[in-house]
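Residue-level structural notes
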Amino acid sequence: MSGAVLSIIVGLALLAWSAERFVRGAAALARALGIAPIAIGMLVVGFGTSAPELLVSAIAAADRQTPLAVGNAYGSNIFNIALVLGITSLIRPIPVESSLLRRELPVLALLTLIGIGQLVDGGLTRADGLALLAAFVVVMVWLWRLGHKDGTDPAAAESEVEYSRSSMKPLTALLWTLFGLVTLIASSRMLVWGAESLARGMGVSELIIGLTIVAAGTSLPELASSVVAARKGELQLALGNVVGSNIFNTLAVVGLAAVIHPQELHRDVLLRDGMVMSSLTLFLFVIGYGFGRRGLINRYEGAILVMAYCAYGAWLLADVMK
């Protein structure tokens, strides 16, 4: 048991550290290759901050622990909206000024509902996974084209400021990217082993471990980057980190896990976790899109999001104590 806990702690620490190095290196490398800052922010950094979820879920699925893999993805989405955006908006209210983000919000809501709809039959098949991965490719191409259309968009302007600062040389950026990726893989393996061992030792399902400890740990890059962005006043980037990460988790992370190892899932994934994730996503869509008023996540709504996560955590704890 102590070995499992130590493996989780060390794995999470290395995961957060290596994800930050991977993102910095990848962003600097993309900038050196002439990729537009908005594309770096939407795709390169979005992929980098979601790399922990992808690797952890892929390794868990390869170990035939699909509940841990799916729990990690859905738990991360819940954590991102409820805690990351909740805490960020408590620091500074988040206005939704970017037309890019206003277009992404309904897409995220629709994709979330489609992903949950795949669970109605009790599991995820390989066909489900392939459909999610195909949708991921389509969405990424759409976002790429969308990001290049309007250079005056607030999200594009913030990306220009943020991702044009790097003075890292291309070779250094490449080395940091590769080193960060290797360390990400190693720390993900360590985290999955620790999570599986802890679940067995405590008699708790891998799903619960994935939804809580693993999801919170793999979402640390999103929390850190969003809080830093909010303190800098880069609020569109803070919101974009979460929206992009959740799209990535819903399509790429769950899709890859299902392709690697399809599996039936407990009904709780649909009736509890899926409903919570869908409700939070729809709430974000409503307050962010605005519908005739200015889209804004204010401190009051941020407090609601944080309290919602606390209530969800209490729900999970009550299920564990049964």
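Scroll up to find the structure this text is about.
Residues numbered from 1 in each chain as written. Predicted model: local features only at pLDDT ≥ 70, side-chain atom pairs only at ≥ 80, totals over all residues. Heavy atoms only, no water.

As a rule of thumb, nonpolar side chains are buried together in soluble globular proteins. By size, the foremost hydrophobic cluster in this structure holds 79 residues, and its most contacted members are Tyr74, Leu85, Leu119, Leu239, Ile247 and Ile297. Not counting residues up to four positions away in its chain, the partners in contact with Tyr74 are Gly115, Ile116, Leu119, Leu211, Val254, Val269 and Met277. (Core = buried A, V, L, I, M, F, W, Y, C linked by side-chain atoms within 4.5 Å. Buried < 20%, exposed > 50% of the residue type's maximum accessible area, 1.4 Å probe, protein only. Contact = heavy atoms within 4.5 Å.)

To find leftover empty space, a probe the size of one water molecule is rolled over the atoms. Put simply, the second largest pocket is a space of about 230 Å³. For the second largest pocket, the full set of lining residues is Pro67, Gly203, Val204, Ser205, Glu206, Leu207, Ile208, His266, Asp268, Arg272, Asp319 and Val320. Looking at the lining of the second largest pocket, the elements that each hand over two or more residues are helix 8 (206-218), helix 11 (267-289) and helix 12 (299-321). When residues in the lining of the second largest pocket are grouped by element, the largest group, three residues, is from helix 8. Among the residues forming the lining of the second largest pocket, the class breakdown is five nonpolar, three polar and four charged. (1 Å grid on protein atoms, 1.4 Å probe; cavity = no way out; pocket = protein on both sides within 12 Å on 5 of 7 lines; lining within 4 Å. Points joined across faces, edges and corners; volume = space filled by probe spheres on them. Helix = DSSP H or I, 4+ residues; strand = E, 2+ residues; numbered from the N terminus. Nonpolar A, V, L, I, M, F, W, Y, C, P; charged D, E, K, R; others polar.)

On to the pattern of salt bridges, then. Applying the stated criterion across every chain yields a total of two salt bridges. Here Arg272 and Asp268 are joined by a salt bridge, their closest N and O atoms 3.6 Å apart. In this pair, Arg272 and Asp268 both sit in helix 11, four residues apart, roughly one turn of the helix. We classify Asp268 as partly exposed; its relative accessible area is 27%. Of the charged contacts, one joins Asp273 and Arg272 as a salt bridge, the two residues approaching to 2.8 Å between their closest N and O atoms. With respect to burial, Asp273 and Arg272 carry one shared label: buried. Because the salt bridges share partners, they merge into one network encompassing Asp268, Arg272 and Asp273. (Salt bridge = Lys/Arg side-chain N within 4 Å of Asp/Glu carboxyl O.)

A word on the packing of helix 8 against helix 9 (residues 220-232). For any two helices packed against each other, the geometry comes down to the angle between their axes and how far apart the axes lie. Running from N to C, helix 8 and helix 9 cross one another at 45°; their axes reach a closest spacing of 4 Å. Classified by the angle their axes make, helix 8 and helix 9 are oblique. Facing helix 8, whose interface residues are Ala216, Gly217 and Thr218, helix 9 presents Leu220, Pro221 and Glu222. Residues that form the contact of helix 8 with helix 9 fall into these classes: three nonpolar, two polar and one charged. (Axes fitted to C-alpha atoms, helices over the stretch in contact; angles between N-to-C directions. Parallel < 35°, antiparallel > 145°, perpendicular 65-115°, else oblique.)

Right, let's get into the environment of Ser205. In this structure, Ser205 sits in the loop between helix 7 (170-202) and helix 8. Residue Ser205 is classed as partly exposed on the basis of its relative accessible area of 35%. Residues Ser205 and Val320 lie 115 residues apart in sequence; the distance between their C-alpha atoms is 8.7 Å.

Moving on, we get to unusual backbone geometry. Although it is not a glycine, Arg64 adopts a positive phi angle of roughly 65°. Among the structural elements, Arg64 can be located in the loop between helix 2 (37-62) and helix 3 (66-91).

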